[in-house]
Amino acid sequence: MIKVTEYDCWFQKYGSAEDTKDIAAFLEHVICEEKGIIIENAAKELRFTLSFCFGIVQKSRNAGEKQILLGTIGYLNASYGFSLPKPKKEGFVIRSTDSKIIIGGADEPGVLYGVYTFVRLLALKRFVFGADVADAPVSQVRMINHWDNLDGSVERGYAGRSLFFNDNRIEFDSNRIRDYARLLSSVGINRISINNVNVRGMAKELITEKFLPKIAELADIFRPFGIRLMLSVNFGAPQPEIGTADPLDERVLAWWKDRADSIYRYIPDLAGFLVKADSEYETGPFRYGRNHAEGAHILAKALAPHNGEVIWRCFVYNCVQDWRDTTIDRARAAFDNFKPLDGQFDDNVILQIKHGPYDFQVREPVSPLFGALEKTRYVMELQITQEYTGQQIDLCFLPWMWGDVMRFDTGYGTNADNGAIRSLLACGRIEGLAAVGNTGLAANWTGHTLAQANLFGYGRLAWNPALSPGEIADEWSRLTFPDNGGQSIAGNITKILLNSYPTYQKYNAPFGVCFMVECGHHYGPNVEGYEFSKWGTYHRADNKAIGIDRTPAGTGYTEQYAPKNAAIFANPETCPEELLLFFHRTPYDYVMKNGKTLLQNIYDTHFEGYDEVRIMLDTWRGLQELLDGAVFESVKERMERQLENARQWRDVINTYFLRRTGIGDEKGRKIYR
Ligand code: GCW
């Protein structure tokens, strides 16, 4: 029976020190003589995790005896006469000699990441004594965005209430925040914004003396883990006090400077501000007749003396569209708004662009802004919280889809690989990743225990976007469900994870059509839920065809891509079929690559999607004997709800198209009329 403590996530008990006995003598003696907030914590974390995960007790020893030695490489080389190679920023080297295992970091965070990597390798039984391990993160920005409100609710949160706020106060359990910081840091996260990008009501006061002392306490907990705080701010904040927030008004600049000065007195290493402006009713520079470069500029100026950065979101579109108006295409909005401003942003402004042109749908193309911006710094925004992907009731292993995003060739390289998103990350053109978090006060952090894999996977991908979904799923499963008694269930769980995204996609909105969800809360199907709304999210199905023509003959969206992709997407024969309805208005009798019509493919995928959830549930039930009861039950209960959701999706979608077309399933399966 495998005993798993959900709270501990990917830090479980991996058996006794027996399992590590060939190197046990080293592990019993962790030494770090260097001073520093992060490095001292690295030593503490190593001692703690060795004891917690492997039951290793530290013993006092003489200097010459076997030990693990930690330090920055500069310090180690100078103090011990080593000649360790210096890795990239935040990177590390692990080297073993007869008397030492040395974990050397390029800098203090590097030591900490070296420590967590070492522990992970031990837990995975992959540490090879004598073989050097060296690694460094590909990008500098590896951020989590919380959409937590001051009242303690979490926008699009499916894991209980906020870790940071309650009842219009900052309220947290320090131990829990420390555990959270460990989880994040252990997968390389180095920034966190703690409050919702929709900064409403009292949340506007977070940047005042009323709240800053308490925010400083949070920053103090995250700091030793190499994680810097960011705050979401409301662009209109100066308005009530001085009657305007116009970014070209000197008084407004003075107001922001004053705020920034006082914020930095409390949190000297704040990473900066995150801003949602002119988006979904949030105010922004448009209100004052200014553009987004001018808007970002004023905040950038206020933060610059403190080395702070402005992360400015590109989720700007017309959210009061008239569905009758077919000339507006929401998918075009980010590019239309931001590409013309390329080169006009300050050096300490980073644009944050959602990975797709719409809004975290189950399947969207990659936004055409990636690669197209040449003179502007930017990061990609992903969503770990499962707003449109099952809300942590349905299992949906997102690194599968993120992997597709990472491999997408933007067409802005000289060959396929150096135009790929992961290559743009590797060469620094895309400066990193941000993602909306999926955690809360739920006992297991994420509601669905298996949704922990999405948090883990996000961090691992932000560290190294070339990791495959298979590698990530395998690591996570083995760390979380350790093989203590020789009964490996991790392999089964890896398979369940890897099937979950394709399955979810099958029973959801078909072939990239997007938005067939229930309005407001976004769980479950409602085929025309957003069809006559103001949000710009239409599929315009009639009796013959469905989808938006986004080719030059239609909205012209395809033209926002590099020529190679513009051509691929504009032609239904070359357009990836999973995106067919995103790019093309397609008749139901269109014959797809497998020789079947679009309609029949919609039916097939929806029947299959449901059947696959049933198989997944059966597989899970088959693990009952091997798994700890609580984890088994909580996941089973969610999978049962998922099965019901998949049934609803299958039948609502199939019935909708049967009614539209009058054509039934060629295999004669039951479709309700
Ligand atoms: O997807 C939409 C969500 C909103 C969210 C918004 C955004 C924070 O439905 O809840 O607001 O995106 O990304 O700003």
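Our subject is the structure listed above.
The sections below set out a description of the structure shown in this document. (Residues numbered from 1 in each chain as written. Predicted model: local features only at pLDDT ≥ 70, side-chain atom pairs only at ≥ 80, totals over all residues. Heavy atoms only, no water.)

## Looking at helix α2 (residues 37-54)
So, point 1. Between its first and last C-alpha, α2 extends 25 Å over 18 residues, near the 26 Å set by a 1.5 Å rise per residue.
So, point 2. Those residues of α2 lying buried are Ile 38, Ile 39, Asn 41, Ala 42, Ala 43, Glu 45, Leu 46, Thr 49, Leu 50, Cys 53 and Phe 54.
So, point 3. Looking at the buried positions of α2, the neighbouring elements they touch are α1 (24-27), β1 (30-31), β2 (67-72), β4 (100-105), α4 (108-123) and α5 (174-186). (Helix = DSSP H or I, 4+ residues; strand = E, 2+ residues; numbered from the N terminus. Expected span 1.5 Å × (residues − 1). Buried < 20%, exposed > 50% of the residue type's maximum accessible area, 1.4 Å probe, protein only. Contact = heavy atoms within 4.5 Å.)

## A look at the packing of helix α13 (residues 452-463) against helix α14 (residues 469-480)
So, point 1. With their axes 10 Å apart at the nearest point, α13 and α14 run at an angle of 125° to one another. Put simply, α13 runs oblique to α14. α14 is crossed by α13, and the crossing has right-handed handedness. Two secondary-structure elements touch here, α13 through Gln 452, Ala 453, Phe 456, Gly 457, Arg 460 and Leu 461 and α14 through Ile 472, Glu 475, Trp 476, Leu 479 and Thr 480. (Axes fitted to C-alpha atoms, helices over the stretch in contact; angles between N-to-C directions. Parallel < 35°, antiparallel > 145°, perpendicular 65-115°, else oblique. Left-handed = near helix turned anticlockwise from the far one by under 90°.)

## Quick look at the site of the ligand
So, point 1. What surrounds the ligand is a group of 14 residues, the closest being Glu 155, Lys 276, Lys 354, Asp 359 and Glu 387.
So, point 2. Here an oxygen atom of the ligand sits 2.6 Å away from a polar atom, N or O, in the side chain of Lys 276.
So, point 3. Within the contact set of the ligand, an oxygen atom lies 2.6 Å away from a side-chain nitrogen or oxygen of Lys 354.
So, point 4. Across the complex, the protein chains shield 96% of the 340 Å² of accessible surface that the ligand would expose by itself.
So, point 5. Looking at the shell around the ligand residue by residue, the classes come out as 3 nonpolar, 3 polar and 8 charged. (Near = heavy atom within 4 Å. Polar contact = N/O pair within 3.5 Å; in protein donor to acceptor, adjacent residues only side chain to side chain. Areas by Shrake-Rupley, 256 points an atom, 1.4 Å probe, with all protein chains shown as cover. Nonpolar A, V, L, I, M, F, W, Y, C, P; charged D, E, K, R; others polar.)

## So, the packing of aromatic side chains
So, point 1. This structure, assessed with the given rule, holds 40 aromatic pairs.
So, point 2. Pairing Tyr 14 with Phe 54 gives two aromatic rings, centres 5.7 Å apart and planes at 35°, and the pair type is tilted. With a gap of 40 residues between them, Tyr 14 in the segment before α1 and Phe 54 in helix α2 connect regions that are remote in the sequence. In terms of burial, Tyr 14 and Phe 54 fall into one category: buried.
So, point 3. Plain terms: the ring middles of Phe 315 and Tyr 317 are 5.1 Å apart, the flat faces sit at 55° to each other, and that makes the pair tilted. Across the pair, exposure class does not vary: Phe 315 and Tyr 317 are buried alike.
So, point 4. Chaining the aromatic ring pairs together yields one cluster made of Tyr 358, Tyr 388, Phe 408, Phe 515, Tyr 530, Tyr 557, Tyr 561, Phe 569, Phe 582 and Phe 583.
So, point 5. The side chain of Lys 354 reaches across the aromatic face of Phe 315, ending 3.2 Å from its centre.
So, point 6. Over the aromatic face of Tyr 672 sits the side chain of Lys 670, whose NZ or CZ is 4.8 Å from the ring centroid. (Phe/Tyr/Trp six-rings, centres within 6.5 Å; stacked < 30°, edge-to-face > 60°. Lys NZ or Arg CZ within 6 Å of the ring centre and 35° of its normal.)

## Quick notes on α13
Since the α-helix turns once every 3.6 residues, residues separated by three or four places project in the same direction.
So, point 1. Between its first and last C-alpha atoms α13 spans 17 Å; for 12 residues at 1.5 Å apiece the expected length is 16 Å, and the two agree.
So, point 2. Of the positions making up α13, those classed as buried are Gln 452, Ala 453, Asn 454, Leu 455, Phe 456, Gly 457, Tyr 458, Gly 459, Arg 460, Leu 461, Ala 462 and Trp 463.

Purely geometric stuff here, so don't read any function into it on its own.
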